[in-house]
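These are the residues of each chain, in order.
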Amino acid sequence: MTKKRRLKGWLVKLLSWVLGGYIFFIATTIDSLGNKTYNTILIIWTILALISFYLLSKYSKVFED
């Protein structure tokens, strides 16, 4: 029997904050689309959000019903 790996509680909270911050950032600054600095920040934050989503869905119980 293999033991399923789980993330530490503080890491789950940190990754959840990244996802929540990403959604808030998009919702409040979408009108800045087209600005070069904004686009750079958006791309970096999108990559971080995708990594966070993957880690949370694979190694935590956050998205389980």
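For the structure, check the block above.
Residues numbered from 1 in each chain as written. Predicted model: local features only at pLDDT ≥ 70, side-chain atom pairs only at ≥ 80, totals over all residues. Heavy atoms only, no water.

*Asks:* What's the story with helix H2 (residues 36-59) in this structure? I'm lost.
*Replies:* Turn by turn, an α-helix covers 3.6 residues, leaving residues three or four places apart pointing in a common direction. Under the 1.5 Å per step criterion, the end-to-end length of H2 is 35 Å for 24 residues, consistent within 8% with the ideal 34 Å. What H2 keeps buried is the set Tyr38, Leu42, Ala49, Ser52 and Leu56. On its buried face, H2 is in contact with helix H1 (9-29). (Helix = DSSP H or I, 4+ residues; strand = E, 2+ residues; numbered from the N terminus. Expected span 1.5 Å × (residues − 1). Buried < 20%, exposed > 50% of the residue type's maximum accessible area, 1.4 Å probe, protein only. Contact = heavy atoms within 4.5 Å.)

*Asks:* Would you explain a nonpolar patch on the surface in this entry?
*Replies:* On the surface, Ile43, Ile47 and Ile51 cluster together into a nonpolar patch covering about 290 Å² of accessible area. Mapped onto the fold, Ile47 is located in helix H2. (Patch = residues over 30% accessible without salt bridge, like charges linked within 9 Å, V, L, I, M, F, W, Y side chains within 5 Å. Areas by Shrake-Rupley, 256 points an atom, 1.4 Å probe, with all protein chains shown as cover. Salt bridge = Lys/Arg side-chain N within 4 Å of Asp/Glu carboxyl O.)

*Asks:* In this structure, what is going on with H1? I would like to understand it.
*Replies:* The first and last C-alpha atoms of H1 sit 30 Å apart over 21 residues, in line with the 30 Å expected at 1.5 Å per residue. For H1, the full list of buried residues reads Val12, Leu15, Leu19, Gly21, Tyr22, Phe25 and Thr29. The inward-facing, buried residues of H1 abut H2.

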